[in-house]
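# Structural overview
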Amino acid sequence: GQQVMQIPQYQHVQEGEDFTTYCNSSTTLSNIQWYKQRPGGHPVFLIQLVKSGEVKKQKRLTFQFGEAKKNSSLHITATQTTDVGTYFCAGGAWGQNFVFGPGTRLSVLP
Amino acid sequence: AAGVIQSPRHLIKEKRETATLKCYPIPRHDTVYWYQQGPGQDPQFLISFYEKMQSDKGSIPDRFSAQQFSDYHSELNMSSLELGDSALYFCASSLARVGGTNYGYTFGSGTRLTVV
């Protein structure tokens, strides 16, 4: 079945440094979504990417969908302590429910 | 804005007992999903419902069952609880897929089940 992988599993950064997490799917995706889960909280929808090569920005966050629609990345510029949490990608193959990646847990040191 | 409501927030049960978790989706959302998240794990899909019918099934144990009612709320019934069932159980809702493409999920705050 479809598998979604994310790297790195953990990332510790100093406040102000950049951060990137990568998501790879074993199958071609129809779309991909990104979620953020704060410690003790629930996943919160951030964005959905649909088009091949699509790039979307939300303030300091930049999301990219690969040309082959099998990979995606989330880049945070100049991290802040409020960025702490686990970032999940969720890949949806055509007509299928999303499969969540294992997440990247981000720690930001002040 | 209304969110996905889950109850109870916390639940403690003994082994072999039963538990019922409830989920009230966002109004007009016709699809409900149940996920199980163990400590330090990613959410694992259990089951989903569209228009009160089961639409997809994931890694849901046979001891668990779920249904969606006429008011679109959903219940996850768990029997013969085991220690390994201790986890966060999330419910999410969305509009149904259109043309094979999913809409974003809105997650509830989850029910933390502890089996002792």
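To start, this report covers the structure provided alongside it.

### Some thoughts on the state of the cysteines
Residues and elements named next belong to chain B. Under the defined criterion, the tally for this structure stands at two disulfides over all chains. Covalently, C23 is tied to C91 through a disulfide, its sulfur atoms 1.7 Å apart. Residues C23 and C91 are joined through a disulfide that is left-handed, its torsion about the S-S bond being -55 degrees. Of this pair, C23 sits in strand β3 (residues 19-24) while C91 sits in strand β9 (residues 87-94), and the two are 68 residues apart along the sequence. C91 matches C23 in its accessibility class, with the two residues each being buried.

### Let's talk about the layout of surface pockets
Reported here for the largest pocket is a volume of approximately 520 Å³. For the largest pocket, the lining is made up of 27 residues, of which A:R105, B:Q37, B:P39, B:G40 and B:Q41 are closest to its centre. Listing elements by their share of the lining of the largest pocket, those giving two or more residues are β9 (85-92) and β11 (104-109) of chain A together with β9 and β11 (111-115) of chain B. In terms of residue count, β9(A) provides more of the lining of the largest pocket than any other element does, three residues in total. Residue composition of the lining of the largest pocket, grouped by class: 10 nonpolar, 13 polar and four charged. The volume enclosed by the second largest pocket comes to roughly 250 Å³.

### Some details on unusual backbone geometry
Here the residue pair A:I7 and A:P8 is connected by a cis peptide bond, since its omega of -5 degrees sits within 30 degrees of zero. Note that A:P8 resides in the loop between β1 (4-7) and β2 (10-14). The step from B:S7 to B:P8 runs through a cis peptide bond, and the omega angle for that step is -10 degrees. Within the secondary structure, B:P8 is located in the loop between β1 (5-7) and β2 (10-13). The backbone of B:Y72 shows a phi angle near 75 degrees, a positive value even though the residue is not glycine. The topology assignment puts B:Y72 in the loop between β7 (64-68) and β8 (74-78). For B:Y72, a relative accessible area of 24% corresponds to the partly exposed category. Even without glycine at this site, B:S80 takes up a positive phi of about 45 degrees. Topologically, B:S80 is positioned in the loop between β8 and β9. On the basis of relative accessible area, B:S80 is assigned to the partly exposed category, the value being 38%.

Cut-offs used in this document
Residues numbered from 1 in each chain as written. Chains lettered and ligands numbered in written order. Predicted model: local features only at pLDDT ≥ 70, side-chain atom pairs only at ≥ 80, totals over all residues. Heavy atoms only, no water. Disulfide = S-S within 2.5 Å. Helix = DSSP H or I, 4+ residues; strand = E, 2+ residues; numbered from the N terminus. Buried < 20%, exposed > 50% of the residue type's maximum accessible area, 1.4 Å probe, protein only. 1 Å grid on protein atoms, 1.4 Å probe; cavity = no way out; pocket = protein on both sides within 12 Å on 5 of 7 lines; lining within 4 Å. Points joined across faces, edges and corners; volume = space filled by probe spheres on them. Nonpolar A, V, L, I, M, F, W, Y, C, P; charged D, E, K, R; others polar.

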